[in-house]
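Residue-level structure breakdown
Each chain, written out:
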Amino acid sequence: MSKNSRWLSALMIFALLALVSINVAVAQDGITELTILWAEWDPANYLQQIGNEYEAETGIKVNVIQEPWGSFYDRMAVEWAAQGDAYDMTVGDSQWIGQAVEQGHYLDLTDFLVSNGIDKTVTPATLQYYGEYPAGSGKYYAYPTEGDAVGWAYRKDLFEDPQNMADFEAKYGRPLQPPETWAELRDIAEFFTRPDDGIYGVGVYTQKDYDGMVMGFQNVFFSWGADWSRDGQVMGVVNSPEAVEALEFYKGLYQFAPPGTGNAFFAEMNDVFISGQAAMIMNYFAFFPALINPGVNPYAEVTGFFPGPKGPNGDQFVSLGGQGLSILSYISPERQEASKEFIKWFAQEEVQRRWAAVGGYTCNINVLESEEFLTNTPYNAAFADSMTFVKDFWNIPQFGELLEPAQTYLTGFVVGGEGTAQEAMDNIAEAQHEILVDAGVIDG
Amino acid sequence: MAAQSTPHPEVNYSTRVDEISGRARTLNSVRAVIVILIALIMLIPVAWMTLTAFKSRPDAVAVPPKVLFEPTLEGFLSLLTDRRQLTAEQIAEYSQRTDLNWADQIALSRGQVITGASNYPQRLANSLIIAGISTIFSVALGLLSAYSFSRFNIPGAGDLLFFILSTRMLPPVVVTIPVFLMYRAIGIYDTHLGMIILYTVFNLSFSVWLLKGFLDEIPREYEEAAMVDGYTRLQAFIKIVLPQSLTGIAATTVFCLIFAWNEYAFALMLTADRARTAPPSIPSVLGTGGIEWAAIAAGSLGFLIPVVIVTFALRKYLLRGVTFGAIRQ
Amino acid sequence: MLKNQAAPPATSQPKPGRQISDRTLSQLFIWPTLILLIVINIFPLFYSLFLSFTNYSAIANRPPEWIGFANFDRLLNNDDIWGYFALTGRYAVISVGLQTVIGFGLALLLRKKFRGSGVITTLILIPMMLSPVVVGLFWKLMFNPSYGIFNYLVGFTNPATAPDWLANSDLALWAVIIVDVWMWSPFVMLLCLSGLSAIPDYLYEAAAIDRAGAWFQFRRITLPQVAPLLLIAVLFRTIEAFKAFDLVMGLTGGGPGDATQMISVEIYSQAFLGQFRTGRASALAYIVLVIIIAVSNVYIRTLNKVREG
């Protein structure tokens, strides 16, 4: 390299660094603003509305930053990795909590929640799933904010049509009504699958990336009495006979699904319902407001809702959705205090009532049980019901790794028709066993 | 006309052997018809996107797909505003009001009230700044390097060129984490500057290679003649080479702009609120109801228009081709 | 035009000392590019190389732990990974092959101008101007057997019996290829068109006088003259095909099962999507890098041979 060019390169680097240094962040004093990270969807808009009320009352501005669902976790995770303080709080997904706690990203809120009596204001199931880690430890890291679970929407016009009712009763020997067991649901799905009329029985989750498939399948899986682990064991549990049977059943349901739902999650479920192709769909309660909106759903007036049905032995479980509000541990103590003040304000029954009124799914016991809430929408009753039998996937730090083989083999079998249910569950059990042994969660 | 500038006498096209016969002329119109047919087929998805942008939510997913429907601006409204769902009583009360404009009316038909502008215009502006400036940089820097590689005897040129190319080979997904950490450390995470630098670098390899390809086609004799006449190398470059490489510059500009304009993975991971561009925002126009197809289509169309304008403006240069072959061996 | 330019203004006679030597000029021209590339690329490149030898998760508060070749060992002994490589290779060959044929064909058709050909050419370029992630999402709508338009256009009007492109393990890859070819054939076309218009007419005239056949003209004149730009187009498309990500994620997410799990999608799902196996993902990325470098080298050798020959 010539002398000339060496000088030149030094100049270039210098110029670059000079440019860069302009952007150094400015420190601030006095808490005038709180920033909350959440996914990009309507409940975040509702939270912003509640936040605006907080600003009106206290003068502290609340900013709800919305990140698309597809990158919500990635955004949060890289922020954790950088131990950044860009956000004060996050309304984090229930599955994240193990990782966030073990790696120290969330602030321990046990004393704060207990001493203020906030832990007693929310339903035990929501506190357990959104707030507590490890399970049963009595240590809390989040305030249950947006409760959610998988529920069902159905077309009342089809169910209440006299011809349908008579035909159904003649064929299955019982009246046509919203199903209480999975077997009934299957029959109804079969009954309404009429490709020539463009109507299909049931829409179920099948999406491959992230967790869509698992969140749909779990409703059947848990209700069949299967589980992701038992007594520290995975082999023989994940691939137990019940689990295999549950998977075969789920694939059976997929046979009655509208065409084009081979990679479907909440958005596609609403789409097939709105387009009149499905008699029933599963979906998170959070996505039901659109279905009672006549401007969005032509069948809004004739849409009914029911909670997840029971399995062959009477077990009834639905996949958990929803999020709790956590404080990130990398912010200054002043900001931590200010965040706690906000949660304290937000957790008041009066504020929770308004939260429910604008569209948030509150976890507050009194609000949930109030007549006003139960009758506010056609699905609130089913929601309050479902929140008593929710069940979640793993929430330990390795949940993402555990999801991956489940997603791949489940979609491979259900959608792609590869192999048998036994092989799929065997493969999942094997892969998850290995991951858990590697992580030291279970013994080899 | 460019051909005038070539030392080779201009070809009189009408004397060309293959153009005389009537058969050739028929072939020519057949060819035009085929091209137009292919173009039409290729444009069907774009046309469908345009239709979808004006559909209501139920029409967008109607079975069978609707070609005729009542157009609505719902999609554009979803894209450009934030809305809030109203309860039945609120709707009744709200619809009594007389001061509602057309946008409010559309929102109301879906039981919603507009609460403010969405962040889409801001993100579109970010895209314009970031893609625009980075394209200028990558073409300018690329042109200088390409000229050097094309004209000067640079030791290890082959290796250097390969190094430049190799910077494009690593899948971006895996580079995002180190780049994120680096940007974080020097404080250009989520800034326009950071994204401009990144896209410039991202496009440089392509720009150098492509421009070198074009410059190689321009005979050295031109500059050499000019330099014999007393031009300096720099003057020869500016006054002779630059005007003749406009085709290459136009093509490179269009490609760099398209890449930077549409880039998704880096934008998703390296920007948050301040410098986020439009591509990561468009697919996320999800309300509670799921995918707002009309809004996505509207966003994609609006996002397409600036690139189409630039391409149309540069069309003349793009399609002129390189006109120097005449004296090439 | 050139004549006017070539006559230098009398005042611009070079003065000794003011003139920059070619050597300095070339340095001045090249270094900004190289410095920028080095500054921005070196750290990520070496850091991810380092990470590929470690057990590391970007989101764990643990420093990277050196494990030597364990990541590579594990990856290279994994049949699934080889399957994904084979899939990516098949995708790259078919997709880039079709793009080359269609793009080159279009360029040949558009080569001789007719009225409106300029506008038509610009319109054909529109698919590649769209954002890949939007293209993926929107084609997903188009491929839907019920409310998508694709099946209706190709003749399947009954959703019940129409192929479900994205949910069928055999068709999903073809669906991705169709979209990729639709999107990027114009790219190849544009570069070929530039190359074609550089071919001097007298070559064809000479051939016509010699009564050479069309095939001979194509093989001996058109192809060699277009080859440099065509190969650049193919080179970049191949590199991009190995990195295929946005489009696949938008369309299939790699599914159903792993029917469209391209290697870049695999890297993404290892590096993000809840797994954050940063070390192993880096190792996989480096394996991909080595393959791309090898493939590129073959191309560049060919390119140089064509140029010289």
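Just so we're clear, the structure is a prediction, and the values are computed from it rather than from any experiment.

1. Side note on the overall build of chain C
- Helices and strands together make up the secondary structure of chain C, namely 14 helices and 2 strands.
- Over its C-alpha atoms chain C spans a radius of gyration of 25 Å, topping by over 25% the 19 Å that the globule rule assigns to 309 residues.
- For chain C, the spread of C-alpha atoms along the principal axes amounts to about 70 × 60 × 35 Å.
- Taking all 309 residues of chain C together, 53% fall into the buried category.
- Sequence-distant contacts in chain C: of pairs separated by 6 or more residues, those separated by 24 or more amount to 70%.

2. Re the overall build of chain A
- Along the backbone of chain A there are 19 helices and 9 strands.
- Its C-alpha radius of gyration of 24 Å places chain A within 12% of the 22 Å reference for a compact globule of 444 residues.
- The 444 residues of chain A split such that 56% are buried.
- In chain A, the proportion of contacts linking residues at least 24 apart, taken out of those at least 6 apart, comes to 73%.

3. Brief notes about the interface of chain B and chain A
- Taken together, the contact between chain B and chain A spans 30 residues of the former and 34 residues of the latter.
- Elements supplying a minimum of two residues to the side of chain B that touches chain A: α3 (57–60), β1 (81–85), α9 (172–186), α14 (265–270), β3 (286–287) and β4 (290–291) of chain B.
- In the side of chain B that touches chain A, the residues fall into 14 nonpolar, 10 polar and 6 charged.

4. Overview of the pairing of strand β1 (residues 33–39) of chain A
Residues and elements named next belong to chain A.
- For β1, a buried count of 6 out of 7 residues is recorded, marking the element as mostly surrounded by other parts of the structure.
- Bridge count between β1 and strand β2 (residues 61–67): 7 bridges; the pairing is parallel. By the bridge assignment for β2, I36 is matched with V64.

5. Regarding α9 of chain B
Residue and element names in this part refer to chain B.
- Under the 1.5 Å per step criterion, the end-to-end length of α9 is 20 Å for 15 residues, consistent within 8% with the ideal 21 Å.
- The largest bend in α9 is about 25°, located at P178.
- The set of residues buried in α9 consists of P172, V173, V174, V175, T176, I177, P178, V179, F180 and Y183.
- Following α9 by one or two positions, G187 adopts a phi angle in the positive range, close to 80°.

6. Here we look at the interface of chain C and chain B
- Of the residues lining the interface, 94 residues belong to chain C; the matching set on chain B comes to 96 residues.
- The biggest single contributor to the side of chain C that touches chain B is helix α2 (residues 22–51) of chain C, with 16 residues.
- When the residues that make up the side of chain C that touches chain B are grouped by side-chain class, the tally is 68 nonpolar, 20 polar and 6 charged.

7. A short note on the packing of helix α10 (residues 212–223) of chain A against helix α18 (residues 399–414) of chain A
All names here are of chain A.
- Look at α10 against α18: their axes get within 8 Å of each other, and the N-to-C directions meet at 75°. Considered as vectors, α10 and α18 are oriented roughly perpendicular to each other. Every residue of α18 that contacts α10 at M213, V214 and F217 is listed here: L403, A406, Q407, L410 and T411.

8. Looking at the domain arrangement of chain A
All names here are of chain A.
- In terms of domains, chain A is made up of domain 1 (33–147 + 321–391) and domain 2 (149–319).
- With centres defined by C-alpha atoms, the gap from domain 1 to domain 2 works out at 29 Å.
- Of the residues lining the interface, 15 residues belong to domain 1; the matching set on domain 2 comes to 19 residues.
- If you list the elements that add at least two residues to the side of domain 1 that touches domain 2, you get α17 (380–386) and β9 (390–391).
- Among the elements that take part in the side of domain 1 that touches domain 2, α17 stands out by supplying 4 residues, more than any other.
- Split by residue class, the side of domain 1 that touches domain 2 holds 9 nonpolar, 4 polar and 2 charged.

9. A word on helix α6 (residues 124–131) of chain A
- Buried residues of α6 of chain A: T126, L127, Y129, Y130 and G131 of chain A, and no others.
- Summarising the contacts, the buried residues of α6 of chain A are in contact with β4 (143–155), β8 (318–327) and β9 of chain A.

10. Some remarks on the confidence of the model for chain C
All names here are of chain C.
- Summary statistics for chain C give a mean pLDDT of 84 and a share of 92% for residues scoring 70 or more.
- Ranking the elements of chain C by mean pLDDT puts helix α1 (residues 2–6) last with 41 and helix α4 (residues 79–111) first with 93.
- Across the interface, the model reports ipTM at 0.83; the global pTM reads 0.84.

11. What to know about unusual backbone geometry
- Following Y133 of chain A, the chain continues into P134 of chain A via a peptide bond in cis, with omega recorded as -15°.
- The topology assignment puts P134 of chain A in the loop between α6 and β4.
- Backbone torsion omega between V63 of chain B and P64 of chain B reads -10°, so that peptide bond is classified as cis.
- Residues other than glycine seldom take positive phi values, yet D231 of chain A does so here, at roughly 50°.
- The topology assignment puts D231 of chain A in the loop between α10 and α11 (241–254).
- For D231 of chain A, a count of 6 C-beta atoms within 10 Å puts it in the exposed group.
- Positive phi, close to 55°, is recorded for D190 of chain B, a residue that is not glycine.
- As for its position among the elements, D190 of chain B is in the loop between α9 and α10 (192–217).
- Given 18 C-beta atoms within a 10 Å radius, D190 of chain B is considered partly exposed.

12. Here we look at the packing of helix α2 (residues 22–53) of chain B against α4 of chain C
- Where α2 of chain B meets α4 of chain C, the axes come as close as 9 Å, and the angle between the chain directions of the two elements is 135°. Between α2 of chain B and α4 of chain C, the interaxial angle falls into the category oblique. Every pair of crossing elements has a handedness; the one defined by α2 of chain B and α4 of chain C is left-handed. In this structure, α2 of chain B uses R31, I34, V35 and I38 of chain B to contact α4 of chain C, whose residues at the interface are L106, L109 and L110 of chain C.
- Here the contact of α2 of chain B with α4 of chain C is composed, by residue class, of 6 nonpolar, no polar and 1 charged.

13. Section: the pairing of strand β3 (residues 89–93) of chain A
All names here are of chain A.
- Of all 5 residues in β3, 5 are buried, a share of seventy percent or more.
- In the sheet, β1 pairs with β3 via 2 bridges, with the strands oriented parallel. The partner of L37 across the bridge, within β3, is T90.
- Bridge analysis of β3 against β8 gives 5 bridges, and the strand direction is antiparallel. Across the sheet, residue V91 finds its bridge partner in β8, namely L325.

Calculation rules
- Residues numbered from 1 in each chain as written.
- Chains lettered and ligands numbered in written order.
- Predicted model: local features only at pLDDT ≥ 70, side-chain atom pairs only at ≥ 80, totals over all residues.
- Helix = DSSP H or I, 4+ residues; strand = E, 2+ residues; numbered from the N terminus.
- Rg over C-alpha atoms; globule rule 2.2 N^0.38 Å.
- Buried ≥ 20, exposed ≤ 12 C-beta atoms within 10 Å, placed from the backbone.
- Contact = placed C-beta atoms within 7 Å.
- Nonpolar A, V, L, I, M, F, W, Y, C, P; charged D, E, K, R; others polar.
- Pairing = 2+ DSSP bridges.
- Expected span 1.5 Å × (residues − 1).
- Bend = angle between axes of the 7 residues up to and from the residue.
- Axes fitted to C-alpha atoms, helices over the stretch in contact; angles between N-to-C directions.
- Parallel < 35°, antiparallel > 145°, perpendicular 65-115°, else oblique.
- Domains from an automatic or database assignment.
- pLDDT = per-residue confidence, 0-100.
- Left-handed = near helix turned anticlockwise from the far one by under 90°.

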